[in-house]
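Architecture at a glance
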Amino acid sequence: MGIKPKICVPLMGKDLHELNALIKKLTGATFDLVEWRVDGLEVTPSDQEFLRILKDLRTHLGAAPILLTYRTALEGGNGDLDPEHYCNLLKMAIQSGCVDLLDVELQMIENHYVLMNPCLLECKKRGIELVISKHDFKGTPSLKVLESWADKMRYFGADVLKIAVMAESKSDALKVMALSELENKKSPELQTVFIAMGNAGLITRYAAEFMGSALVFASLDAGTGPGQMPIKQTSDALDLLHQIMGFEN
Ligand SMILES: O=C1C[C@@](O)(C(=O)O)C[C@@H](O)[C@@H]1O
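All of these numbers come straight from a predicted model, not from anything done at the bench.

Time to look at the pattern of salt bridges. Pairing is possible between side chains of opposite charge, provided their charged atoms come close. All chains considered together, the criterion is met by 22 salt bridges. Across the pair Asp39 and Arg37 runs a salt bridge whose closest N-O atoms are separated by 2.9 Å. When its relative accessible area of 4% is taken as the criterion, Asp39 is described as buried. With relative accessibility at 8%, the residue Arg37 sits in the buried group. The shortest N-O distance in the salt bridge between Lys186 and Glu147 comes to 3.1 Å. Note that Lys186 is positioned in helix 7 (residues 170-186) and Glu147 in helix 6 (residues 143-155), a separation of 39 residues in sequence.

Written out as structure tokens, the structure reads:
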């Protein structure tokens, strides 16, 4: 608590042309990093094409760190790669030297550990921040279940624990806030991003600093998650909360 969360802008373009148009729109916006949602591509790229796009994004984004995410359909994304191809894509991203943070889905690690473990180790070796993520777009499980996810993320060596669940009521949002307090106490050295998605969970995006969240996803055009706020509104809300909480900018 007391550290203003970073603003992460997801970029979901159907091809390089659309991605570059999105990057142009970032000019003058307040943000700290971008998330390239690879599963936003209309056509699954060949290895060469994937690397070409990634390198191009790296060049156009200048110093802004890149979080690379390939969200599978199982976790609410558009991705339909099988585990071998998912792993191959992440490996290419790691070896490209263009990525600062990598999202790896907890379910992939749990279900395909032998395949995925070298990816996790390679991330560590290269100093890429490992974001282990879990999503539930249908609802918010019990606090016990949420805690068990976070425990597994820690066990698999996450630098950032990321959980996004759909809130159907205010008590779901409060559950996610309670989770953040528990988990940040358990491992203060790790970063957390806990989101209650949807309108009932909006407070978890605005109150990210209060929850000790490392970052907040904010939208450029259409958001990539229910309840995601536009960049300007996110930045204003984070500034205001930072002041209210009595910390200096
Ligand atoms: O996992 C997340 C969180 C998110 O779903 C959101 O609701 O802000 C947006 C996604 O792009 C990101 O990968």
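Once that is clear, we can look at the site of the ligand. Taken together, 13 residues surround the ligand, and among them Glu35, His135, Lys162, Arg205 and Thr224 come closest. Between an oxygen atom of the ligand and a side-chain N or O atom of Arg71, the distance comes to 3.1 Å. At 2.8 Å, a side-chain N or O of His135 approaches an oxygen atom of the ligand. Protein chains shield 99% of the accessible area of the ligand, which is 320 Å² for the free molecule. The cavity where the ligand resides is the largest cavity. Elements that contribute at least two residues to the shell around the ligand include exactly strand 2 (33-37) and strand 7 (191-197).

This part takes up the packing of helix 3 (residues 83-96) against helix 5 (residues 113-126). Axis separation between helix 3 and helix 5 bottoms out at 10 Å; the angle between their running directions is 10 degrees. Here helix 3 lies roughly parallel to helix 5, going by the angle between them. Contacts between helix 3 and helix 5 involve Pro83, Glu84, Tyr86, Cys87, Leu90, Lys91, Ile94 and Gln95 from the first element and Leu115, Met116, Pro118, Cys119, Glu122, Cys123 and Arg126 from the second. Looking at the contact of helix 3 with helix 5 residue by residue, the class counts come to 10 nonpolar, 1 polar and 4 charged.

A word on the packing of aromatic side chains. Taken as a whole and judged by the stated rule, the model has 4 aromatic pairs. When the ring of Tyr70 is compared with that of Tyr86, the centres are 6.1 Å apart and the planes differ by 70 degrees; the resulting orientation is edge-to-face. Here Tyr86 lies in helix 3 and Tyr70 lies in the loop between strand 3 (66-69) and helix 3, a separation of 16 residues in the sequence. There is no split in this pair, since Tyr70 and Tyr86 are both buried. Aromatic pair Tyr113 and Phe156: ring centres 5.7 Å apart, planes at 35 degrees, arrangement tilted. Within this pair, whereas Tyr113 is found in helix 5, its partner Phe156 is found in the loop between helix 6 and strand 6 (160-166), the two being separated by 43 residues in sequence. On the basis of relative accessibility, which here comes to 38%, the residue Tyr113 falls in the partly exposed class. Taking the relative accessible area as the measure of exposure, Phe156 reaches 16% and is therefore buried. An aromatic cluster of at least three residues, connected via ring pairs, comprises Tyr113, Tyr155 and Phe156.

A separate point is the sheet that holds strand 5 (residues 129-136). On the basis of which strands lie adjacent, the open sheet formed by 9 strands has the order 7-6-5-4-3-2-1-8-9 and parallel pairing. The open sheet has two edge strands, strand 7 and strand 9 (229-230), and neither has a second partner. In this sheet, strand 2 lies alongside strand 1 (residues 6-11) in parallel orientation, the contact comprising 4 bridges. In the strand pairing of strand 2, Leu11 is matched with Trp36.

To continue, consider helix 10 (residues 231-244). For helix 10, which comprises 14 residues, the first-to-last C-alpha distance of 20 Å matches the rise-based estimate of 20 Å (1.5 Å per residue) to within 8%. Every buried residue of helix 10 is listed here: Ile231, Thr234, Ser235, Ala237, Leu238, Leu241 and His242. For helix 10, the angular spread of buried residues about the axis comes to 165 degrees, placing them on one side. Those residues of helix 10 that are exposed and aimed more than 90 degrees away from the buried face are Lys232 and Ile244.

Another aspect to go through is the UniProt feature "active site" (unreviewed entry) in the protein. In the UniProt entry, the feature "active site" (unreviewed entry) is given for His135 and Lys162. For this annotated set, covering 28 residues, all C-alpha atoms fall within 8.4 Å of each other, a compact arrangement in space. Checked against the lining of the largest cavity, the annotated residues just named reduce to His135 and Lys162. What His135 contacts, discounting residues up to four positions off in sequence, is Arg71, Glu75, Lys162 and Ala164. Looking at the secondary structure, you find Lys162 in strand 6. Sequence-distant contacts of Lys162, that is, excluding residues within four places in its chain, are made with Arg71, Asp103, Val131, Ile132, Ser133, Lys134, His135, Met153, Val193 and Phe217.

Cut-offs used in this document
What you see as residue numbers is a count from 1 along each chain, following the sequence as written. This being a predicted model, a pLDDT of at least 70 is required before a residue's local features are given, and a value of 80 or more before pairs of side-chain atoms are given or counted; all residues contribute to the totals for chains, interfaces and linings. Only heavy atoms go into the side-chain values, all of them from the structure, while hydrogens and water stay out. Criterion for a salt bridge: a side-chain nitrogen of Lys or Arg within 4 Å of a carboxyl oxygen of Asp or Glu. Whether a residue is buried, partly exposed or exposed follows from its accessible area with a 1.4 Å probe, protein chains only, as a fraction of its type maximum: under 20%, in between, or over 50%, in that order. Note on conventions: DSSP H or I runs of at least 4 residues are helices, E runs of at least 2 residues are strands, and numbering of each starts at the N terminus. Near, as used in this document, describes a residue that has one of its heavy atoms within 4 Å of the molecule or strand being considered. Polar contact is defined as a pair of N or O atoms within 3.5 Å, subject to the rule that within protein one atom must be able to donate a hydrogen and the other to accept it, and that residues adjacent in sequence are counted only when both atoms are side-chain atoms. Using a 1.4 Å probe, accessible areas were evaluated by the Shrake-Rupley method; residue-level cover was limited to the displayed protein chains. As defined here, a cavity is a set of points on a 1 Å grid over the protein atoms alone where a 1.4 Å probe fits but cannot get out. A pocket is an open set with protein on both sides within 12 Å along at least five of seven lines, and residues line them when an atom is within 4 Å of a point. The rule for placing a molecule in a cavity or pocket is simple: more than half of its atoms must lie within 2 Å of the grid points. Helix axes are fitted to C-alpha atoms over the stretch in contact, other axes to C-alpha atoms as well, and angles between N-to-C directions run from 0 to 180 degrees. Throughout this description, any angle smaller than 35 degrees is read as roughly parallel, any larger than 145 degrees as roughly antiparallel, any in the 65 to 115 degree range as roughly perpendicular, and the remainder as oblique. The contact definition used throughout considers only heavy atoms, calling two residues in contact when any of these lie within 4.5 Å. Under the grouping applied here, Gly and all other residues not named as nonpolar or charged are polar, the nonpolar ones being Ala, Val, Leu, Ile, Met, Phe, Trp, Tyr, Cys and Pro and the charged ones Asp, Glu, Lys and Arg. Any Phe, Tyr or Trp ring, taking Trp's six-membered ring, that has another such ring centre within 6.5 Å forms a pair; planes under 30 degrees apart are called stacked, those over 60 apart edge-to-face, and the others tilted. Should DSSP find at least two bridges between two strands, the strands are regarded as paired. To estimate how far a helix should reach, multiply one less than its number of residues by 1.5 Å. Summarising the geometry, the arc corresponds to the directions from the helix axis toward the C-beta atoms. UniProt positions are given in the numbering used here, feature names are shortened, and annotations may be inferred rather than shown by experiment.

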